[in-house]
Amino acid sequence: MGKHLRKAGIIKACGYSCLSIFQLLFLLVFQYRNWYHALQSKKAADLPGKDTIYRFLNSSTYNWRTFLLSLSSEVIRRVKQTISKRRVTVFIVDDSIYSRNRSKSVELLAKVFDHSTRQFVNGFQRLTLGWSDGFTFVPIDFALLSSANQKNRLNEIHSSIDKRTTGYKRRLEALEAKPNMVLKLVEHALDKGIFADYVLMDTWFTHAPLVEKIHSKGLFVIGMVKQLKQRYLFNGERLTLEQLYRKAKRDIGKKETLGSIHATLHTGLPVKIVFVRNRNNQSEWLAILSTDTTLSMKKSFESMGCVGTSKPFLNSVNRFYI
């Protein structure tokens with residue numbers, strides 16, 4: 001652990017080492033305690049002061065992204081040594097709301113829309129990227145996004161932050177659009193030597209421009225798609241998702257998969273769209289898009305099982321970042 005901290009520039013010149021402070025804070029999570037309760041305990045005399053902890057957490061020069069990428073790459077390398085080379089691996093992309101409704105002075109605090117409650121809340125959008133082999137999940141990278149619209153931001157960047165530091169760069173990326181950050185997170189993982197066969201995404205990310213950019217990185221994309229105004233090319237016609245469903249080849253005798261069809265995005269990228277039954281409403285169907293046109297309907301459906309239609313898996317994943 002100390003090796004990965006040093007790689008990320010997380011070091012101190014004197015006093016308690018960064019490794020010892022990191023271990024103390026990390027163990028608090030498993031003890032269901034915060035630092036205030038730790039200082040009220042019988043072991044308070046052996047613990048560093050709160051100023052030491054806050055300086056450690058608030059340092060804008062520490063590169064926590066490098067630390068997480070370095071640690072995750074080593075964990076993934078060790079996991080791969082224990083599994084079959086034929087096992088399919090995936091990157092999983094998801095976003096959730098990091099609510100800070102009681103906060104007032106947090107930098108770049110913004111009004112963000114929560115799609116689950118259909119309401120605006122004060123906080124951030126937490127964009128996460130993870131790696132999985134179907135059994136193991138490893139968090140790779142994350143970004144807290146504010147709002148690109150200045151009217152929705154309640155606070156701006158503090159003027160005291162050194163613009164040469166990693167912390168300032170993190171603040172700038174919080175103002176970027178979500179699709180741009182998805183691509184950057186994937187690029188960070190690839191640059192660190194972390195690879196996967198597919199990128200799994202839900203409906204908020206499965207749009208032609210982002211799918212095309214990820215595919216250009218040598219990765220297949222599997223994602224759920226919404227019934228929007230976007231058109232797909234099929235036999236020279238521009239068809240909606242509903243029209244493609246009517247023309248899809250039916251999968252007779254299958255309970256979950258209803259049919260599939262080959263089409264082309266407006267960017268010219270060939271895709272396969274599989275229609276499956278909505279588990280939450282048997283009378284409705286869902287569409288799964290795959291840039292791997294050779295993938296069977298069963299495999300497409302099983303791959304999206306890692307994401308789930310109600311996000312129970314990814315909601316548990318997000319606990320890694322709290």
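Chains are numbered independently. Their residues run from 1 in the order of the written sequence. Side-chain atom pairs in this predicted model are given and counted only at pLDDT of 80 or more, local residue features only at pLDDT of at least 70, and totals for whole chains, interfaces and linings cover all residues. The basis for every side-chain value is the complete set of heavy atoms in the structure, and neither hydrogens nor water enter the calculation.

How should I be thinking about the packing of helix α7 (residues 178-191) against helix α8 (residues 208-215) in this particular structure?
Two numbers describe a pair of packed helices, the interaxial angle and the distance between the axes. To obtain an axis, a line is fitted to C-alpha atoms, over the contacting stretch when the element is a helix, and the angle between two such axes runs from 0 to 180 degrees between their N-to-C directions. For the purposes of this entry, the term helix denotes a DSSP run of H or I that reaches at least four residues, the term strand denotes a run of E that reaches at least two, and both are numbered from the N terminus. One way to put it is that α7 packs onto α8 with a least axis distance of 10 Å and a crossing angle of 15 degrees. Accordingly, the angle class assigned to the pair α7 and α8 is roughly parallel. The chirality of how α7 crosses α8 is right-handed. Between α7 and α8, the residues in contact are P179, V182 and L183 and L210, K213 and I214, respectively. Only Asp, Glu, Lys and Arg are considered charged, only Ala, Val, Leu, Ile, Met, Phe, Trp, Tyr, Cys and Pro nonpolar, and every remaining residue, Gly among them, polar. Each residue belonging to the contact of α7 with α8 can be placed in one class, and the counts come to five nonpolar, no polar and one charged. Roughly parallel means an angle under 35 degrees; roughly antiparallel, over 145; roughly perpendicular, 65 to 115; everything else is oblique. Left-handed describes a crossing in which the near helix is turned anticlockwise from the far one by less than a right angle; the clockwise case is right-handed. Note on contacts: a residue pair is in contact if any heavy atoms of the two residues lie within 4.5 Å.

Explanation requested: the pairing of strand β6 (residues 220-225) in the structure shown.
Most of β6 is tucked away, with five of its six residues classed as buried. In this description, strands pair whenever DSSP reports at least two bridges between them. Bridging between strand β5 (residues 198-201) and β6 involves four bridges; their strand directions are parallel. Along β6, the bridge assignment pairs V199 with V221. Read as a crossover between parallel neighbours, the route from β5 over α8 to β6 is right-handed. As paired strands, β6 and strand β12 (residues 285-290) are joined by four bridges and run antiparallel to one another. Bridged to I222 within β12 is S290. Burial status follows relative accessibility: with a 1.4 Å probe on protein chains alone, a residue under 20% of its type maximum counts as buried, one over 50% as exposed, and anything between as partly exposed. When the strands point away from the viewer and the connection leading from the first strand across the helix to the second strand turns clockwise, the crossover is called right-handed.

So what exactly am I meant to see when it comes to unusual backbone geometry here?
Residues apart from glycine generally show negative phi values, whereas peptide bonds are mostly found in trans. Positive phi, close to 60 degrees, is recorded for R118, a residue that is not glycine. Tracing the chain through its elements places R118 in the loop between β2 (110-114) and β3 (119-132). A relative accessible area of 55% means that R118 is categorised as exposed. Residue N235 is not a glycine yet carries a positive backbone phi of 55 degrees. Within the secondary structure layout, N235 lies in the loop between β7 (232-234) and β8 (237-239). Given a relative accessible area of 66%, N235 falls into the exposed group.

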